[in-house]
Amino acid sequence: MIKKSILLMGSTGFIGKNIYECLVKNPNFKIYRYSSRKNKFIDNVDIKKFDILIFASGIHKQSNYANNDIFLDSKKNIRSLLTFIDDVDKIIFISSFKTSFNRTEDLIDEKTKYNFYHYDSYYGKSKILAEKIFLHFCNIKKKKFVILSPTHVIGPEKEHNSINNSEIRKIYKKFLIFYPDCLISLTDVRNISTFIELVISSNSYDNKKIILNDISIKYIDYIKKIKKNKFFLSLKINKKILHLIFLLQSILLKFKIVRYEFVNKSQIEYVRLNPKIKTTFYEKKIHFDQTIRDVKDQIK
């Protein structure tokens, strides 16, 4: 049996590392990693064309960036994507869940109007920018693809300073918890990798976007699961109060009166939009309770 050659971009990130660790174990796959930032292959390459491209690259805003401009910082990322798009038959594009938030029932496509300056993080902006350009060129070049949009991704990680589990680390030992009255949607990073393996093995490319979501859970129930101790005080805050807190927080942060971020924009968007999540079920799925146990074991 001929091995499927897979080009992986974004292998140094939380999701990308897990994709590599999962797929490299499959004897039917041959994985090649490419660094967009360094503009070179991480692995030795002995072929010129690839069967599949997995694009998992994204950009987080960092103080050492020269520009902190989403278009300039995304230039290398997008250029690398377009460099290889002609040399692959099929593409798996890892997007951001927020790229699915819009003012209509339709999922985002090339023509959708979307104010990502207002709604998204730096990472989300880099994702939607790359996604729009990706869709445009896929349509021109008639490429087969699938876009996977995971909800908030958690799970065990080798680098404990990753932002993915930051909420769990913050709340784990706290006694007094303020929480928004909303749902939070979560995905285990290992389930993303398993689903990608399924897509490749089953050759399931239908030029559509799939939202990967393991569970949508009330925020207070999420807190109860991730707390170290069963006994703690909690205070529920409603939508109006949550928006007021965020407004005051923005003012205080601007003038450097406080530096602690009480609640982030993502949580407010969950409250305001309360999105209806499409859940994709598949085999070998890690249960949410196991995800929490694995993350808590690392924190200990």
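Below you will find a few notes about this structure. Everything numeric in this text was worked out from a predicted model, so none of it was measured.

Quick notes on the packing of aromatic side chains
Taken as a whole and judged by the stated rule, the model has 10 aromatic pairs. Ring geometry for Y34 and F84: centres 4.8 Å apart, planes at 70°, overall edge-to-face. Here the residue Y34 occupies a position in strand β2 (residues 29-35), and F84 occupies one in helix α3 (residues 75-84), the gap between them amounting to 50 residues. Since its relative accessible area comes to 9%, F84 is described here as buried. When the ring of F55 is compared with that of F93, the centres are 5.1 Å apart and the planes differ by 20°; the resulting orientation is stacked. One end of the pair, F55, is in strand β4 (residues 50-55); the other, F93, is in strand β5 (residues 88-94), and 38 residues separate them in sequence. Summarising the burial analysis for this pair, F55 and F93 share the class buried. Three or more aromatic residues joined by ring pairs make a cluster, and in this case those are Y32, Y34, F41, F50 and F84.

A closer look at the sheet that holds strand β9 (residues 183-188)
Read from one edge of the open sheet, three strands run β7-β9-β11, paired in mixed fashion. Either end of the sheet is taken by a strand with one partner, and the two such strands are β7 (152-154) and β11 (215-218). Going from strand to strand, the sheet's axes swing by 45° on average, the running direction of each strand aside. Taken together, the four bridges between β9 and β11 define a ladder with antiparallel strand orientation.

The rules behind the values
- Residues numbered from 1 in each chain as written.
- Predicted model: local features only at pLDDT ≥ 70, side-chain atom pairs only at ≥ 80, totals over all residues.
- Heavy atoms only, no water.
- Phe/Tyr/Trp six-rings, centres within 6.5 Å; stacked < 30°, edge-to-face > 60°.
- Helix = DSSP H or I, 4+ residues; strand = E, 2+ residues; numbered from the N terminus.
- Buried < 20%, exposed > 50% of the residue type's maximum accessible area, 1.4 Å probe, protein only.
- Pairing = 2+ DSSP bridges.
- Axes fitted to C-alpha atoms, helices over the stretch in contact; angles between N-to-C directions.

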